[in-house]
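Coordinates in review
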Amino acid sequence: MALLEICTYPDPILRTKASPVSVFDEELRRLIADMAETMYKHEGVGLAAPQVGVLRRAVVIDSGGELIELTNPVILSARGQQRTIEGCLSCPGKVGYTLRPERVTVKAYDRYGKEITIKGTDLLAKALCHEIDHLDGVLFLDK
Ligand code: NI
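Quick look at the structure, then. (Residues numbered from 1 in each chain as written. Predicted model: local features only at pLDDT ≥ 70, side-chain atom pairs only at ≥ 80, totals over all residues. Heavy atoms only, no water.)

Among the nonpolar cores identified, the biggest contains 16 residues, and Ile61, Ile68, Leu70, Val104, Ile118, Leu124 and Leu128 are the most heavily contacted of them. Mapped onto this core, the elements with two or more residues apiece are β2 (58-61), β3 (68-79), β6 (103-109) and α2 (122-135). Top contributing element to this core by residue count: α2, with seven residues. Residues Ile6, Val21, Leu28 and Met35 belong to the second largest nonpolar core, which totals 13 residues. (Core = buried A, V, L, I, M, F, W, Y, C linked by side-chain atoms within 4.5 Å. Buried < 20%, exposed > 50% of the residue type's maximum accessible area, 1.4 Å probe, protein only. Helix = DSSP H or I, 4+ residues; strand = E, 2+ residues; numbered from the N terminus.)

In structure tokens, the structure reads:
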């Protein structure tokens with residue numbers, strides 16, 4: 001595994017839409033493992049591939065002791081509202097209040113291409129929305 005360099009605002013790659021993952025191979029699994037290592041090293045709650053310069057729809061999240069790896073995630077439903085402080089490893093020194101759904105259901109694929117469904121509330125819901133935004137070039141600064 002390897003630590004990856006995190007792109008920081010205003011790097012234009014953070015504003016570029018990422019492409020779907022179509023091949024679930026060792027290269028993808030290495031990317032996901034390296035992203036997780038990088039997220040933990042920086043004590044982040046989540047990390048999206050564009051943040052490490054890779055324009056693929058892959059994210060890792062750990063909002064409380066369990067690593068979640070998602071490729072091609074899509075929000076199926078969102079309910080409620082939460083207004084909390086948010087930050088981002090790509091926007092060092094910046095934090096602010098955002099409005100996010102309180103609970104979301106997300107469809108995605110795991111590192112082997114198997115379809116999975118994740119339900120998240122509170123911090124996990126916020127992290128899912130934040131990381132999926134990254135795949136579309138959206139930053140919490142926009143919220
Ligand atoms: Ni972020």
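Here the narrative resumes, following the displayed structure.
Below, the discussion takes up the packing of aromatic side chains. Aromatic rings considered in pairs are described by the distance between their centres and by the relative angle of their planes. Counted under the stated rule, the structure contains one aromatic pair. A ring pair is formed by phenylalanine 24 and tyrosine 109, whose centres lie 6.5 Å apart and whose planes are at 50°; its orientation type is tilted. Of this pair, phenylalanine 24 sits in the segment before α1 (26-41) while tyrosine 109 sits in strand β6, and the two are 85 residues apart along the sequence. What makes phenylalanine 24 partly exposed here is its relative accessible area of 23%. Residue tyrosine 109 is classed as partly exposed on the basis of its relative accessible area, which comes to 23%. Sitting over the ring of tyrosine 97, arginine 83 keeps its end group 4.2 Å from the ring centre. (Phe/Tyr/Trp six-rings, centres within 6.5 Å; stacked < 30°, edge-to-face > 60°. Lys NZ or Arg CZ within 6 Å of the ring centre and 35° of its normal.)

Together, Ile85, Val95 and Tyr97 give the surface a local cluster of nonpolar side chains, amounting to about 330 Å² of exposed area. Mapped onto the elements, tyrosine 97 comes out in strand β5 (residues 95-100). (Patch = residues over 30% accessible without salt bridge, like charges linked within 9 Å, V, L, I, M, F, W, Y side chains within 5 Å. Areas by Shrake-Rupley, 256 points an atom, 1.4 Å probe, with all protein chains shown as cover. Salt bridge = Lys/Arg side-chain N within 4 Å of Asp/Glu carboxyl O.)

Every protein donor of the nickel ion is listed here as Cys88 (SG), His130 (NE2) and His134 (NE2), and their distances to the metal cover 2.0 to 2.2 Å. Counting along the primary sequence, the residues that act as donors to the nickel ion give the motif C-x41-H-x3-H. Placement of both histidine 130 and histidine 134 in helix α2 is noted, with a separation of four residues, approximately one turn of the helix. Histidine 134 carries the same exposure label as histidine 130, and that label is buried. (Donors = N, O, S within 2.8 Å, 3.2 Å for Na, K, Ca; no water.)

Here the residue pair tyrosine 9 and proline 10 is connected by a cis peptide bond, since its omega of 5° sits within 30 degrees of zero. Assignment of secondary structure puts proline 10 in the segment before α1. Residues other than glycine seldom take positive phi values, yet aspartate 122 does so here, at roughly 50°. Inspection of the secondary structure assignment puts aspartate 122 in helix α2.

A few words now on the side chain of aspartate 34. Mapping aspartate 34 onto the fold places it in helix α1. Among buried Asp, Glu, Lys and Arg side chains, aspartate 34 stands out as unpaired, with arginine 30 the closest opposite charge at 5.8 Å. Here the side chain of aspartate 34 touches alanine 2 through a polar contact of 2.8 Å, landing on its backbone nitrogen. Not counting residues within four places of it along the chain, the set of residues in contact with aspartate 34 comprises Met1, Ala2 and Leu4. (Lys, Arg positive; Asp, Glu negative; His and termini not counted. Polar contact = N/O pair within 3.5 Å; in protein donor to acceptor, adjacent residues only side chain to side chain. Contact = heavy atoms within 4.5 Å.)

Relative to the helices and strands, isoleucine 6 is located in the segment before α1. Residue classification places isoleucine 6 among the buried residues on the basis of a relative accessible area of 15%. Each C-alpha atom of the pair isoleucine 6 and serine 22 lies 24 Å from the other, and the pair is 16 residues apart in sequence.

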